[in-house]
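# Chains, contacts and geometry: an overview
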Amino acid sequence: MLILNKKDLEELLPMEEVLDVLAKGFREAKEGRCVVPVRFHLNVEEYQGQFLFMPAFLPGLKQSGTKIVSVFPQNTSKGKPTIYATYLLSDPTTGELLAIMEGATLTGIRTGGTSGLATRYLAKKDAKILGVIGAGFQSFFQVRAIQAVRPIEEVRAFDVDQKRLQNFCQSMSPYIKVSPVPNPSEAVRQSDILVTSTTSKTPVFSGKDLKPGAHINAIGAFRPDMREVDDETILRSKIVVDTFEGCLSEAGDLLIPMGEGKLKKEAVCGDLGDLVTGRKMVRESNEEITFFKSVGFAMEDVVTAHHAYEKAIREGRGQKIEVF
Ligand SMILES: NC(=O)c1ccc[n+]([C@@H]2O[C@H](COP(=O)([O-])OP(=O)(O)OC[C@H]3O[C@@H](n4cnc5c(N)ncnc54)[C@H](O)[C@@H]3O)[C@@H](O)[C@H]2O)c1
């Protein structure tokens, strides 16, 4: 059995390869070759946290595995990451455990890649200015993925936590200059692409600030009672989801306006599989606003983990251990 740590995954999973692997996975899912139950949530109310259990099986690609992920937003005040995760990659023909991987890095890379893929299909081709709201762990991968698909020249970032904002700007500096801004409007008004990647339960910017033609990737809110975007954003946008099943059971960004009768289910134009397979084209002009909502999909983990595993075997990377 192989163990792959954070450094192994960072080196084995360049964003360009992850985008291709995810595109293949979304195609498999769209064509019905993907078994992914809606993930199981275990609430830990005493500590305002949750464990999520995310199994996946792709019969066509012969891949299977499970992610166990914890989301504890209060960890920030303890100087610990919000998310810890472990990935267990298994052989679907025998059930044998093939690898254990550090799952937080895997999650960051595959979530970034998924937004990158959505951005490839939805953002204007010449998008140059990227706004980021929420300067935490995920945002690093979001920016790297968007840079892989659009010619980004300028990044403006906002976070309610100044220290985190400074650290984020610093961590991005080898790749692109990120300017910290003092309020959300400054991150939104000029942006061709916007990422919201926060743990907020309430909207983090005003939809009135969006410029025509903008594309938004909203990745933060993952429960029916959480939302990062307001009604204005939703009503001004053409909406695409990572999966209908996941978003229509977990995405407060959509479920709250739907529950209030402001948004109809039919207003969701399609899922990422529709874009990748060419079944739907969503952006029709440079003036339209597009909105991609993701809550995470276990298929993304298994295809990314499997790619890392196969490369690691070929390149002799990772740590082999005997468990029997
Ligand atoms: N869609 C997916 O597939 C997916 C995958 C992984 C994580 N997530 C979710 O993304 C969110 C972010 O994850 P993370 O690991 O980056 O967490 P994190 O704690 O590292 O970062 C979140 C950041 O949001 C900031 N923030 C909170 N409220 C804000 C507000 N109102 N305005 C601006 N900034 C604000 C915090 O200060 C923090 O810096 C979480 O809710 C997580 O569950 C989604």
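So, a few notes on the structure that sits alongside this text. (Residues numbered from 1 in each chain as written. Predicted model: local features only at pLDDT ≥ 70, side-chain atom pairs only at ≥ 80, totals over all residues. Heavy atoms only, no water.)

### Quick notes on the overall build of the chain
For the chain, the count of helices and strands is eleven helices and 15 strands. A principal-axis box enclosing the C-alpha atoms of the chain has dimensions of 60 × 45 × 40 Å. Looking at the chain as a whole, 56% of its 324 residues qualify as buried. Taken as a whole, the chain presents about 14,200 Å² of accessible surface, with 53% of it coming from carbon and sulfur. (Helix = DSSP H or I, 4+ residues; strand = E, 2+ residues; numbered from the N terminus. Buried < 20%, exposed > 50% of the residue type's maximum accessible area, 1.4 Å probe, protein only. Areas by Shrake-Rupley, 256 points an atom, 1.4 Å probe, with all protein chains shown as cover.)

### Examining the nonpolar core
Counting 52 residues, the largest nonpolar core has Leu 4, Leu 13, Leu 89, Met 101, Leu 117, Leu 272 and Met 299 as its most contacted members. The element contributing the most residues to this core is helix H11 (residues 298-315), with eight residues. Every residue in contact with Leu 89, bar those within four places of it in the chain, is listed here: Ser 64, Gly 65, Glu 96, Leu 97, Leu 98, Ala 99, Met 101, Val 302, Ala 305, His 306 and Tyr 309. Core analysis: the second largest hydrophobic core is formed by 25 residues, Val 181, Ile 216, Ile 234 and Leu 263 among them. (Core = buried A, V, L, I, M, F, W, Y, C linked by side-chain atoms within 4.5 Å. Contact = heavy atoms within 4.5 Å.)

### A look at the packing of aromatic side chains
On inspection of all chains with the given rule, the structure shows six aromatic pairs. Ring geometry for Phe 26 against Phe 297: centres 6.0 Å apart, planes inclined by 50°, an arrangement best described as tilted. One end of the pair, Phe 26, is in helix H2 (residues 15-30); the other, Phe 297, is in the loop between strand E14 (289-293) and H11, and 271 residues separate them in sequence. The pair formed by Phe 26 and Phe 297 is uniform in burial state, with each residue classed as buried. (Phe/Tyr/Trp six-rings, centres within 6.5 Å; stacked < 30°, edge-to-face > 60°.)

### Here we look at unusual backbone geometry
Keep in mind that most residues, glycine aside, have a negative phi and that most peptide bonds are trans. A positive phi angle, near 50°, is found at Gln 48, a position not held by glycine. Within the secondary structure layout, Gln 48 lies in the loop between strand E2 (40-44) and strand E3 (49-58). When its relative accessible area of 47% is taken as the criterion, Gln 48 is described as partly exposed.

### Observations regarding the pattern of salt bridges
Per the counting criterion, the structure on display carries 25 salt bridges. Close ionic contact of Lys 6 with Glu 10 constitutes a salt bridge, the shortest N to O distance being 3.0 Å. Of this pair, Lys 6 and Glu 10 both sit in helix H1 (residues 6-12), four residues apart, which is roughly one turn of the helix. Using a relative accessible area of 39% as the deciding quantity, one classes Glu 10 as partly exposed. (Salt bridge = Lys/Arg side-chain N within 4 Å of Asp/Glu carboxyl O.)

### So, the sheet that holds strand E5 (residues 83-90)
Spatially, the seven strands line up as an open sheet ordered E2-E3-E4-E5-E6-E1-E15, and their pairing is mixed. Sheet topology places E2 and strand E15 (319-320) at the edges, where each strand pairs with a single neighbour. Taken together, the five bridges between E2 and E3 define a ladder with antiparallel strand orientation. Note that in E3 the partner of Phe 40 across the bridge is Phe 53. Relative to the sheet, H11 contacts strand E1 (2-4), E3, strand E4 (63-71), E5 and strand E6 (97-102), its axis offset from that of E3 by approximately 65°. (Pairing = 2+ DSSP bridges. Axes fitted to C-alpha atoms, helices over the stretch in contact; angles between N-to-C directions.)

### What to know about the packing of H2 against H11
Where H2 contacts H11, the axes come no closer than 9 Å and their chain directions differ by 130°. It follows that H2 is oblique to H11 by the angle criterion. Here H2 runs over H11; the crossing is right-handed. Here Glu 17, Val 18, Val 21, Leu 22, Gly 25 and Phe 26 of H2 lie close against H11, whose contacting residues are Met 299, Glu 300, Val 303, Thr 304, His 307 and Lys 311. Residues of the contact of H2 with H11, tallied by class, amount to six nonpolar, three polar and three charged. (Parallel < 35°, antiparallel > 145°, perpendicular 65-115°, else oblique. Left-handed = near helix turned anticlockwise from the far one by under 90°. Nonpolar A, V, L, I, M, F, W, Y, C, P; charged D, E, K, R; others polar.)

### So, the sheet that holds strand E7 (residues 129-133)
Ordered by their spatial adjacency, eight strands build an open sheet running E9-E8-E7-E10-E11-E14-E12-E13, and the pairing between neighbours is parallel. Every interior strand has two partners, whereas the edge strands, strand E9 (178-180) and strand E13 (268-271), have only one. Adjacent strand axes in the sheet meet at a mean angle of 20° when their direction is disregarded. Pairing between strand E10 (residues 193-196) and strand E11 (residues 215-218): four bridges, direction parallel. By the bridge assignment for E11, Leu 194 is matched with Ile 216. Lying over the sheet, helix H4 (residues 137-149) contacts E7, strand E8 (154-158), E10 and E11, oriented at roughly 165° with respect to E7.

### Quick word on the site of the ligand
For the ligand, the set of nearby residues contains 27 residues, the closest of which are Thr 82, Gln 138, Asp 159, Ile 219 and Ser 294. Take Thr 82: an N or O atom from its side chain is 2.4 Å from an oxygen atom of the ligand. Phe 137 places a main-chain nitrogen or oxygen 2.9 Å from an oxygen atom of the ligand. For the ligand, the accessible surface in isolation is 860 Å², of which the surrounding protein chains cover 91%. The set of elements that each furnish at least two residues to the shell around the ligand consists of helix H3 (103-122) and H4. Residue contributions to the shell around the ligand peak at three residues, all from H3. When its residues are assigned to classes, the shell around the ligand shows ten nonpolar, 13 polar and four charged. Two domains each donate at least three residues to the shell around the ligand, and these are domain 1 (2-107 + 299-320) and domain 2 (112-297). (Near = heavy atom within 4 Å. Polar contact = N/O pair within 3.5 Å; in protein donor to acceptor, adjacent residues only side chain to side chain. Domains from an automatic or database assignment.)

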